[in-house]
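Remarks on the overall topology
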Protein chains: 2
Amino acid sequence: MSLWPRPSRRSRRSSLGVDLNAVLDLLGGVLRWVGLPFIAPALVAAFAGEAIWPWLLTGAATSGTGLLLDRLTAERRVERIGTREGFLVVALVWLVVPAFAALPFVLGGEPQLSKPVDAYFEAMSGYTATGGTVVPHVEQLGEATQFWRQLSHWLGGMGIIVLAIAVLPRLRVGGRQLLQSELAGPTETEKLGATIRDTARRLWSLYVGLTLVATLVLSLVGWLGLDPEMNPWQAFAHASSAMALGGFSPQGESVAAFAPITQWLLCLVMIVAGFNFLRLFRVLIQQRVAEFARDDEVRLYVGFLLVATALLLTELLTSDIASGETAVRLAAFQATSIMTTTGFATADYTTWGPLATVTLLLLMFIGASAGSTGGSIKVKRHLLLFRMVRRDLAQAAHRDVVVPVRASGWVVDERALRSAVLFVLLYMFTFALGALGLVIDSERVGGDLTPFEAIGASAACIGNVGPAFGFAGPYGSYADFSNLSTAVLTALMWLGRVEIVPVAVLLTRSFWRP
Amino acid sequence: MSLWPRPSRRSRRSSLGVDLNAVLDLLGGVLRWVGLPFIAPALVAAFAGEAIWPWLLTGAATSGTGLLLDRLTAERRVERIGTREGFLVVALVWLVVPAFAALPFVLGGEPQLSKPVDAYFEAMSGYTATGGTVVPHVEQLGEATQFWRQLSHWLGGMGIIVLAIAVLPRLRVGGRQLLQSELAGPTETEKLGATIRDTARRLWSLYVGLTLVATLVLSLVGWLGLDPEMNPWQAFAHASSAMALGGFSPQGESVAAFAPITQWLLCLVMIVAGFNFLRLFRVLIQQRVAEFARDDEVRLYVGFLLVATALLLTELLTSDIASGETAVRLAAFQATSIMTTTGFATADYTTWGPLATVTLLLLMFIGASAGSTGGSIKVKRHLLLFRMVRRDLAQAAHRDVVVPVRASGWVVDERALRSAVLFVLLYMFTFALGALGLVIDSERVGGDLTPFEAIGASAACIGNVGPAFGFAGPYGSYADFSNLSTAVLTALMWLGRVEIVPVAVLLTRSFWRP
Ligand SMILES: [K+]
Ligand SMILES: [K+]
C-alpha cells in the first residue's frame, strides 16, 4: 500500500526498458532450488570424514539468496516475462549458479582450487558440462569435491535440457525454429507437455532414467568382474558425466582407466545422449522408430560420427599407433567424445599426428544434436546451413526459381535460417576473439602458448568440449593459464553454453531502451 | 544454311541446359588476347640471351587456341549470355589461362619449375595474384621467368578488376549488391561507363596510371641514391606486384632487400591498391574526397589496418624483436601486406611470437576492399555481416521492429546479405576442407606438416595471400608439399579467386538441367 515501491520500480522499468523485478524474481526462483543439491556433497563429506560446513553453508547461502530475491520482488507473481527479460535471466543464471557452486572449493581450502578464479572456472566447467579442468591431479581432490564436480555436470545437464528445449526456443535463439522439424506443428513442444514445467519433467525423467540404466549397466560390468576398476561410484560418476556430455572424470587417466567393454559402453552412452531429447523421448518412450531413422539430423549426426571415426582410424593405423579392435575403439571413442562435446579420453590424442589433430579441431565445431546436453554449433545448424547453401546455389543458377529449404520433410522458416546464420557468425567471431585474447595475454605474462594451443583452447571452451591440445590436452589441465586467461576461458564456456545471443543482445543499445 | 549445326547445338543446349557454344566462344575471345603478352618475356629473353621459343610458342598456342575456339563457335556472335554461362566462363578462364601461362616454365626447362604441377601452381599463383611460390631460390630463376612471374601478377590484376567490378556483380556473387553502396543507383556501374568494356577501360587506365606513378616514384628513389638496391626493373616488378596485391618479388628476401623509404612507399601502394577501384576512381579522378572519407568500407578498412598494426607492434615491442621506427615499419608493412592479401615481407614473421601469428592468420580472413585486386572475404562483406548481426540482435530483443541493414548511408538489399552469407559459409567450408586435405595427404606421404601449417597454407591459398607459416613462410616456399597437396593448394587459389560460387554452382544438379 506504500506509494514508494511501485513508482520506483515503474520508473526503473520505464527508464531501462527491462523489467529487472521480473528478472531478479526468476533468478531467485532458480537459486532457491539450486541450493538444495549441496546436501549431497555434504553427505559424502560426512562419510569421508571431510568438512561438511563449506557445503551446507554454500547451500544455505544459495537458497537464502534465492529466497531473499523472491521476497524483495514478491509483490506480484511474474506469470509471463518478455523476451528481453528472458535473455537477461538466461545470461544471469549461468553466471551466478557457477559462482555459488565454486564457493565450497574455496571455503574448503582445496589446495588445487584455492584461487577464486580457478574455482570459478572449475564450477563453470562443471555446470556448463564443459569438463575442462584447472586441476592437475584430479585423484588428489577431496571426495566431496570429486563428487560435486561430477554432480554439477549432471545438474547442469538438466538445466541445459530445459534451456535447449524450452527456454532458448521461446527466445528464438536457434530456437523453436531449430527444433521445428521435430514438431508436427508450431506448438508441438506444448503438445509433448502442456507447459515448460511439464516438458521439462518428462525430459528430466528420461534423463534420470537413462542415467540410472547406464549406472546400473556399468556397475554390473564391475560386479561381474569384467572391469576391475569399475564400482558403483565410478559407474555413477561416468554415467552422469556422459549423459551431460560433460567430460569430468574422477580418474586422472579419464576413461583409459577402464576396460575396453566400459569404453565401448560409455561411447554408446555418449552417442545416445548426443541425440535430441525430444527425439529420444519419441523413439524410446513412444516407440516411433521409423520416424527416428528417417530424420535428417539423426542421419547427419551418425554420418559425421562415422566419417570422423574413419579419419581418426586412418591416423592410428598409418602412424602405427594402434591396430585391430584397439584402433577402432580409440578412434570411435575419441571421435564421439569430441564431436558430442563430451571430452572424455581413452588415450592422449595430443600425441597423435596432424590428421587426428585437425580432425578433432574440426569436430569441436560440429557438436551433438540440437536439444541435447552438448555444446558447439550442433548438427542441426550444420544441416540447415548446408541445405540453405544448396538452395542459394540453385537460385544463383536459376534466378526465378523460389525454393524453400527443407529438413526432415518440413519446410524451414526463413527466420530459422537467419537465426542459425546469426549464431554461427557470432560463434566464429567470439571464437576468434577468444584465441586472440589468449595470445595477447600470453604475450603480456611472457607465456609460451602456441598459436594452435590458443585456437584449440578457445574452440574447446566456447564449444563446451573441455580438453584441448598441448598442455590443455586430455591428460593435462588449464592450470598453466594466467588468471586473466582463465577468466577469458570461463567467459567462453559461459557464452557457448547460453548460445551467445542472450549475452550479445545485452551489448546492443536498443536492448536497454524502453 | 546447313541444317545440321543449328539443331545439333540446340539439342546440346536443351539436353545440358547450358549454352556451351557461348561459353567456348567467350573463352576463345579471352585466350586470343591472353596470348599477346607472351611477347614481353620473349623480348626479355632475347636481351638476356635466353631461349625465346618457349615464350613465342606458348603465346602462339594460346592465341591460336583462342582463334580456333572462336572459329568453331563463330556461327553467331554471342551478345548476351546467361548467368549459368557466365559462371562457367569465369571458372574456365581462371583454370585455363594459368595452364597456358605455366607452359614456358616447363618448355624452357626451368630447373625449379620442371614438374608440371609446380609450374601450374606458380602460374596460378601469378595470375590469381596470390604470390605463393614453389621456387626455393627465386634469385636463380631465368630473367624471362622472373619477368613473367611479375607480369602475370599485373595481368591477373587487370582480370581481377573486371571480374570483381563488372563480371561477378552481374552474376550476383557478392555481386552488384556488394558494390551497392558505391552506386548512386542500381545502374551506376553502367553510369561510370556505359558497358563492361567502358568500365573496364576506365578502371584499367587508373590501374595502369597508378602502376606507372608507383614505378616512377620507386625508380626516383633509386636514382636519387636513397635505396642502392632500387632500379627501374625492381621498381616495375614491385610496383606491379603491389598494385595487383600479388606478392611475387624477384628478391629472395622480398621487400626486406630494400631501404626503409622503399618499404614505406610500397606499404602505401598496397594500401591504395586495397581500396575499391570504383572508389579510387571517384576520389582520384573525380576528386570526391568527402564521399570517400565518409564511406563505411573505407573507414572499416583503415580501422582494421590500424588495429592489426597495433597488435603486431605490441608483439614486436614486448618480445624485443624491434623498436622505434623499425618496429612501426615492420608492423605496418606486415599488417598491410597480409590483410590486403599481398604477401610481401620485410621480415620473417614466422619467427615472431604467437600474438603476431594469430593476428596474421586472422588477417588472412579479412582481405582488402571489395572491387580491389585483393582476395579473401573482403572488408565489405565483414561490414555487411557485422551490420546484419547488429540488426538481427536488435530484432531478437524487439521482435516487431523491422529495420533494414544500412551501409555507407544506403539500405542494403537482403539478397546482398544472403549472398555475403553464402560466400562466407562456402569460404569457411572450403578452407576447412583444404586444411583437412593437406593433413590427409601429409599422412599419406609420411610428411611432417603441422596442424597449424596446414591451416595457414589453406588460409593463405584460398585467400590469395601467398606466404603462410612454417616452411611455407615468406622466406620459405611451397616446394616441400607433395604433388597432390600442390594440386589441392592450386585448386584453393583458383576457388578463392573466382569467389567459389561460380565453381560451387557447377556441382549442383540443377545447374545442368535445362
Ligand atoms: K564437455
Ligand atoms: K597475394
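Rules of the game
Residues numbered from 1 in each chain as written. Chains lettered and ligands numbered in written order. Predicted model: local features only at pLDDT ≥ 70, side-chain atom pairs only at ≥ 80, totals over all residues. Heavy atoms only, no water. UniProt positions renumbered as here; feature names shortened; annotations may be inferred. Axes fitted to C-alpha atoms, helices over the stretch in contact; angles between N-to-C directions. Helix = DSSP H or I, 4+ residues; strand = E, 2+ residues; numbered from the N terminus. Parallel < 35°, antiparallel > 145°, perpendicular 65-115°, else oblique. Left-handed = near helix turned anticlockwise from the far one by under 90°. Contact = heavy atoms within 4.5 Å. Nonpolar A, V, L, I, M, F, W, Y, C, P; charged D, E, K, R; others polar. Patch = residues over 30% accessible without salt bridge, like charges linked within 9 Å, V, L, I, M, F, W, Y side chains within 5 Å. Areas by Shrake-Rupley, 256 points an atom, 1.4 Å probe, with all protein chains shown as cover. Salt bridge = Lys/Arg side-chain N within 4 Å of Asp/Glu carboxyl O. Donors = N, O, S within 2.8 Å, 3.2 Å for Na, K, Ca; no water. Buried < 20%, exposed > 50% of the residue type's maximum accessible area, 1.4 Å probe, protein only. Buried area = accessible area lost by both parts, 1.4 Å probe. Polar contact = N/O pair within 3.5 Å; in protein donor to acceptor, adjacent residues only side chain to side chain. Least-squares fit on C-alpha atoms with pLDDT ≥ 70 in both. Phe/Tyr/Trp six-rings, centres within 6.5 Å; stacked < 30°, edge-to-face > 60°. Lys NZ or Arg CZ within 6 Å of the ring centre and 35° of its normal.

Per an unreviewed UniProt entry, chain A carries the name Cation transporter and comes from Conexibacter woesei. Entered under Subcellular location (unreviewed entry) in the UniProt record, the comment concerning chain A runs "Cell inner membrane".

Our focus in this paragraph is the packing of helix 15 (residues 296-318) of chain A against helix 17 (residues 354-363) of chain A. All names here are of chain A. Remark: helix 15 packs on helix 17, axes separated minimally by 8 Å, with the N-to-C direction vectors making an angle of 160 degrees. Relative to helix 17, helix 15 is oriented roughly antiparallel. Regarding helix 15 and helix 17, the two cross each other, and that crossing is left-handed. Contacts from Ala308, Leu311, Leu312, Thr314 and Glu315 of helix 15 reach helix 17 at Pro354, Leu355, Ala356, Thr359, Leu360 and Leu363. Within the contact of helix 15 with helix 17, the residues separate by chemical class into eight nonpolar, two polar and one charged.

This paragraph deals with a nonpolar patch on the surface. Residues and elements named next belong to chain A. Where nonpolar side chains cluster on the molecular surface, the patch consists of Trp33, Leu36, Ile39, Leu43, Phe47, Ile52 and Leu56 and spans about 790 Å² of accessible area. Examining the composition of the nonpolar patch, we find that three residues originate from one element, helix 3 (residues 39-48), more than from any other. Within the element layout of this structure, Leu56 appears in helix 4 (residues 53-72).

Residue and element names in this part refer to chain A. Within the first shell, the potassium ion (ligand 1) binds the protein through Ala129 (O), Thr130 (O), Leu245 (O), Gly246 (O), Thr341 (O), Thr342 (O), Asn464 (O) and Val465 (O), at distances of 2.4 to 2.9 Å. Read in sequence order, the donor residues for the potassium ion (ligand 1) give the motif A-T-x114-L-G-x94-T-T-x121-N-V. Here the residue Thr130 occupies a position in the loop between helix 6 (116-127) and helix 7 (143-170), and Leu245 occupies one in the loop between helix 11 (232-243) and helix 12 (260-273), the gap between them amounting to 115 residues. Residue Thr130 shares its accessibility class with Leu245, and that shared class is buried.

Contact with chain B, which involves 53 residues of that partner, is made by 53 residues of chain A. Surface buried jointly by chain B and chain A totals about 4,400 Å² across both partners, of which 72% is contributed by carbon and sulfur atoms. Sorting the residues of chain B by area buried against chain A places Leu393, Arg399 and Glu443 of chain B first, and these three jointly supply 15% of that buried surface. In this assembly, chain B and chain A are joined by two salt bridges. In this structure, Arg418 of chain A engages Asp392 of chain B in a salt bridge whose closest nitrogen and oxygen atoms are separated by 2.9 Å. Joining chain B to chain A, the criterion identifies 12 residue pairs in polar contact (both at pLDDT 80 or more). Counting only elements with at least two residues in the side of chain B that touches chain A, the list comes to helix 5 (83-107), helix 15 (296-318), helix 17 (354-363), helix 18 (379-397), helix 19 (414-445), helix 20 (451-462), helix 22 (501-504) and helix 23 (509-512) of chain B. Looking at which element gives the most residues to the side of chain B that touches chain A, the answer is helix 19 of chain B, with 11 residues. Of the residues assigned to the side of chain B that touches chain A, the class counts are 33 nonpolar, 10 polar and 10 charged.

This paragraph deals with the coordination of the potassium ion (ligand 2). Working reference: metal with six octahedral donors, ideal angles 90 or 180 degrees; metal with four tetrahedral donors, ideal angle 109.5 degrees. Residue and element names in this part refer to chain B. The coordination sphere of the potassium ion (ligand 2), as far as protein atoms go, consists of Ala129 (O), Thr130 (O), Leu245 (O), Gly246 (O), Thr341 (O), Thr342 (O), Asn464 (O) and Val465 (O), spread over 2.3 to 2.9 Å. Of the residues examined, Thr130 reaches a relative accessible area of 0% and is grouped as buried. You can call Asn464 buried: its relative accessible area is 0%.

Before going further, it helps to spend a moment on the relation of the copies chain B and chain A. Screw-axis analysis of chain B against chain A gives a translation of 0.0 Å along the axis, an RMSD of 0.0 Å, and a rotation angle of 180 degrees. This pairing of chains is accounted for by a two-fold axis. Among all residues of chain B, the minimum C-alpha distance to the rotation axis is found for Phe452 of chain B, at 3.0 Å. When you check the interface residues of chain B against chain A, 100% turn up at the interface there too, and the contact is symmetric in its surfaces.

We now examine the pattern of salt bridges. In total, this model carries 30 salt bridges over all chains according to the counting rule given. For Arg329 of chain B, the salt bridge identified is with Glu325 of chain B, shortest N-O distance 2.8 Å. A residue pair is termed a helical-turn pair when its members lie 3 or 4 positions apart in one helix, as Arg329 of chain B and Glu325 of chain B do in helix 16 (residues 324-339) at four residues. Overall, the relative accessible area of 8% leaves Arg329 of chain B in the buried class. Connected through salt bridges with shared partners, the residues Arg279, Arg282, Arg288, Glu291 and Asp295 of chain A form a single ionic network.

The next point concerns the UniProt feature "binding site: K(+)" (unreviewed entry) in chain A. All names here are of chain A. Look at the UniProt record and you will see "binding site: K(+)" (unreviewed entry) annotated at Thr130, Leu245, Gly246, Thr341, Thr342, Asn464 and Val465. In three dimensions, the annotated residues from a span of 336 residues occupy one location, with a maximal C-alpha spread of 9.0 Å. Tracing the chain through its elements places Gly246 in the loop between helix 11 and helix 12. With a relative accessible area of 0%, Gly246 lands in the buried category. Those residues in contact with Gly246 that lie beyond four places of it in its chain are Ala129, Thr130, Gly131, His153, Ser241, Thr341, Thr342 and Val465. Accessibility expressed as a relative area gives 0% for Val465, which makes it buried. Not counting residues up to four positions away in its chain, the partners in contact with Val465 are Thr130, Gly246, Ile338, Thr341, Thr342, Gly343, Met364, Ala459 and Ala460.

Residue and element names in this part refer to chain A. On inspection of all chains with the given rule, the structure shows 38 aromatic pairs over all chains. Geometrically, the ring pair formed by Phe121 and Tyr478 is tilted, given 5.3 Å between the ring centres and 45 degrees between the ring planes. One end of the pair, Phe121, is in helix 6; the other, Tyr478, is in the loop between helix 20 (451-462) and helix 21 (483-497), and 357 residues separate them in sequence. Judged by its relative accessible area of 2%, Tyr478 falls in the buried class. Aromatic ring contacts, followed pair by pair, group Phe38, Trp55, Tyr127 and Trp148 into a single cluster. Above the ring of Phe248, the side-chain terminus of Arg149 is found at 3.9 Å from the ring centroid.

Our next topic: the environment of Leu316 of chain B. Residues and elements named next belong to chain B. Mapping Leu316 onto the fold places it in helix 15. On the accessibility criterion, Leu316 (0% relative accessible area) is buried. Taking the C-alpha atoms as reference, Leu316 lies 32 Å from Leu216; in sequence the two are 100 residues apart. Sequence-distant contacts of Leu316, that is, excluding residues within four places in its chain, are made with Ile321, Ala322, Ala327, Leu330, Ala331 and Trp352.

Attention shifts here to the side chain of Gln234 of chain A. Residues and elements named next belong to chain A. Along the chain, Gln234 turns up in helix 11. In terms of polar contacts, Gln234 uses its side chain to reach the side chain of Gln251, at 3.4 Å. Setting aside residues up to four positions removed in sequence, Gln234 forms contacts with Glu229, Pro250, Gln251 and Phe258.

Moving on: helix 13 (residues 277-285) of chain B. Residue and element names in this part refer to chain B. Taken across its nine residues, helix 13 has seven buried, putting it largely inside the fold. All of the buried residues in helix 13 are Phe277, Leu278, Arg279, Leu280, Phe281, Arg282 and Val283. Backbone nitrogen of Leu278 and a side-chain oxygen of the N-cap are separated by 2.8 Å at the start of helix 13; the cap is Asn276. Positioned one or two residues after helix 13, Gln287 has a phi angle of 60 degrees, which is positive.

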